[in-house]
Structures are given as structure tokens and as C-alpha cells.
Amino acid sequence: MAWWVKAGIGAAIVVVVAALTVVPVRAVGDAVTPVSQTAAAAQDGCGAITLEADLESSGRAPVLDVWGLTRVDVTMVEPTITTAATDACEDDVVLTGGVLVFDPNCDLPVEAPEELDAGLDPGAPEERCGGNGWSLVPWADSFALEDLVPGGQSFAYAGERLSLGSSFVLGDRWCAGAQYFIEQRWGGTLNVPAEEIATGDLCIATRPAGASAR
């Protein structure tokens, strides 16, 4: 057998083995992970904001599980945002807030698409990161004060399924990013960022316990 034939066969074997260890084709389990994350207003602000949602995820791994590589698809389901007064608030302050949730590969979560849909209802989810992130701002209409109550309230995005995209993960966790802000409305609007929050609350297991290959 000529050397070049042997080299070609060897190269083909390398390509096949590489594909078997990299291409995610084997399902490794679906999961629904409830999340709840609370952040308080930073300096010079009052109130706290909580995001609650389910993260639906599915994972796929290569046939030969050499590297621990998983491709994860994640969807945020029916998020609810709750604003509430804290000890730092006056009794009659009106609180609103919002959150950006985005996949871990997003560098500019606050950047909106150039053709942002101007016809969105106030508070409707707005895409970020090319659709792999979302801005959730309940009661975004600054004139809708009749819909706001002192001390804060909850807003549920009923029926919403917001894709956070697909990511390749080396490891046992995939974590979404989040940025929160709180608005105080009384005699004017004060928009304040939220303080640092725990990083683990928006994480999912890339291979859920008890998941079976299929």
C-alpha cells in the first residue's frame, strides 16, 4: 500500500475520532431549573428587585465523552419581576425596576438592535445579544403611573418563552448573566443600579443528575 494511501487513511481516522469527541449528538438529559435572584438598590437608592423564572435546558454531548463538552440550549420561561420596599425607602415611594438577562457569551447586553420594534407594548421583552438575551422592564411607560403602587409590586410575563441561545460548555454548569436596576418615582425619577448579586442563582447543571443518554 502506497504511503500516501496510508496517510490518507490515517488522516480520515483522526478526523472521525475528532468528530466523535467534539460533535454534540448524544442527548444527556433535559431539565427545568427554578431560579430566584434578588438584588437591592445600590448606594443612594432604596428597594429590592427579585427575578423568578424557570430555566428549561437540554444538553447534548459527543459520542466519545473525552473532554466533558456539552452543548446546552436554554430557555427562560414565564419570568416574574417583583419590586419591594426596604428599610431605606420612604413609605410612599413608588418603585419599579428591570433586569437584563443574557447568555454568558454576550459582551454588550445593554446594546439594543438598530431596528428595535417601536410597536412593543410598554414592558414587553426586548431582544438583546442577537436574541440570546432579553431586557425585561415592567411598566416601562413613564406616564403609566396609575399602574404603579407605592412600595412595589409584581409583574409576570405570562406565557413568555425567551430563548437564551445555545452554548458549548466545558464543565458542569452554564450560568446566565443578569443586570438589575431600580427606579424610585416620587417627585421625579431616580434610576439606580442594583448591587452585586450571587452568581449561582441563574446557573443550570449542564448534565442534570440522573440524566440518561439516548
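The structure presented is a predicted model; accordingly, all values stated were derived computationally and were not measured.

## Examining the overall build of the protein
Helices and strands together make up the secondary structure of the protein, namely one helix and twelve strands. Secondary structure elements of the protein, listed N to C terminal, follow the sequence α-β-β-β-β-β-β-β-β-β-β-β-β. Per-residue burial for the protein yields a buried fraction of 39% across its 214 residues. At a minimum sequence separation of 6, the contacts of the protein that also span at least 24 residues come to 74%. Only carbon and sulfur atoms are counted for the fraction: they give 56% of the accessible area of the protein, which is about 11700 Å².

## Section: the pattern of salt bridges
Here the structure, examined in full by the defined rule, presents three salt bridges. Between Arg-161 and Glu-56 there is a salt bridge whose closest N-O contact spans 2.7 Å. Taken together, the positions of Arg-161 in strand E8 (residues 161–170) and Glu-56 in strand E2 (residues 48–61) put the pair 105 residues apart, joining distant regions of the chain. Judged by its relative accessible area of 48%, Arg-161 falls in the partly exposed class.

## What about the environment of Ser-167?
Checked against the element boundaries, Ser-167 lands in strand E8. Exposure remark for Ser-167: the relative accessible area of 3% places this residue in the buried category. Taking C-alpha positions, Ser-167 is 5.4 Å from Val-72, a pair spaced 95 residues apart along the chain. In terms of polar contacts, Ser-167 uses its side chain to reach the side chain of Asn-105, at 3.2 Å.

## Considerations on the nonpolar core
Core analysis: the largest hydrophobic core is formed by 31 residues, its most contacted members being Met-76, Leu-136, Leu-164 and Trp-174. Elements that contribute at least two residues to this core include exactly strand E1 (26–40), E2, strand E3 (69–84), strand E4 (94–102), strand E6 (133–136), E8 and strand E10 (177–185). Sequence-distant contacts of Trp-174, defined by excluding residues within four places in its chain, comprise Val-72, Val-74, Asp-103, Pro-104, Leu-164, Ser-167, Val-169, Leu-202, Cys-203, Ile-204 and Thr-206.

## Here's the deal with the environment of Tyr-180
Locating Tyr-180 in the fold gives a position in strand E10. A relative accessible area of 7% places Tyr-180 in the buried class. Here the alpha-carbon distance between Tyr-180 and Val-99, two residues 81 residues apart in the chain, equals 4.4 Å. In this structure the side chain of Tyr-180 is engaged in a polar contact, spanning 2.8 Å, whose partner is the side chain of Gln-37.

## Some points on the packing of aromatic side chains
Scanning all chains against the criterion turns up one aromatic pair. Between the aromatic rings of Phe-155 and Tyr-157, the centroid separation amounts to 4.9 Å while the plane-to-plane angle is 75 degrees, which identifies the pairing as edge-to-face. Overall, Phe-155 belongs to the partly exposed group, its relative accessible area being 21%.

## A few points about the state of the cysteines
Across all of its chains, the model carries three disulfides by this definition. The partner cysteine of Cys-106 in its disulfide is Cys-129, sulfur to sulfur 2.0 Å. Around the S-S axis, the bridge from Cys-106 to Cys-129 shows a dihedral of about -65 degrees and counts as left-handed. Of this pair, Cys-106 sits in the loop between E4 and strand E5 (126–128) while Cys-129 sits in the loop between E5 and E6, placing them 23 residues apart in sequence. Judged by its relative accessible area of 13%, Cys-106 falls in the buried class. Given a relative accessible area of 22%, Cys-129 falls into the partly exposed group. A sulfur-sulfur separation of 1.9 Å characterises the disulfide bridge that pairs Cys-175 with Cys-203.

## Here we look at the environment of Gly-47
Mapping Gly-47 onto the fold places it in the loop between E1 and E2. The exposure class assigned to Gly-47 is buried, which follows from its relative accessible area of 2%. On a C-alpha basis, the gap between Gly-47 and Val-93 in space is 9.4 Å, while along the polypeptide they are 46 residues apart.

## Points about the side chain of Asp-103
Relative to the elements of secondary structure, Asp-103 occurs in the loop between E4 and E5. Of the side chains bearing the opposite charge, Arg-71 lies closest to the buried Asp-103, which forms no salt bridge; the N-O distance is 12 Å. The residues touching Asp-103, leaving out its near neighbours within four places in the chain, are Asn-132, Leu-164 and Trp-174.

Calculation criteria
Residues numbered from 1 in each chain as written. Predicted model: local features only at pLDDT ≥ 70, side-chain atom pairs only at ≥ 80, totals over all residues. Heavy atoms only, no water. Helix = DSSP H or I, 4+ residues; strand = E, 2+ residues; numbered from the N terminus. Buried < 20%, exposed > 50% of the residue type's maximum accessible area, 1.4 Å probe, protein only. Contact = heavy atoms within 4.5 Å. Areas by Shrake-Rupley, 256 points an atom, 1.4 Å probe, with all protein chains shown as cover. Salt bridge = Lys/Arg side-chain N within 4 Å of Asp/Glu carboxyl O. Polar contact = N/O pair within 3.5 Å; in protein donor to acceptor, adjacent residues only side chain to side chain. Core = buried A, V, L, I, M, F, W, Y, C linked by side-chain atoms within 4.5 Å. Phe/Tyr/Trp six-rings, centres within 6.5 Å; stacked < 30°, edge-to-face > 60°. Disulfide = S-S within 2.5 Å. Lys, Arg positive; Asp, Glu negative; His and termini not counted.

Just distances and angles here, no functional claims.
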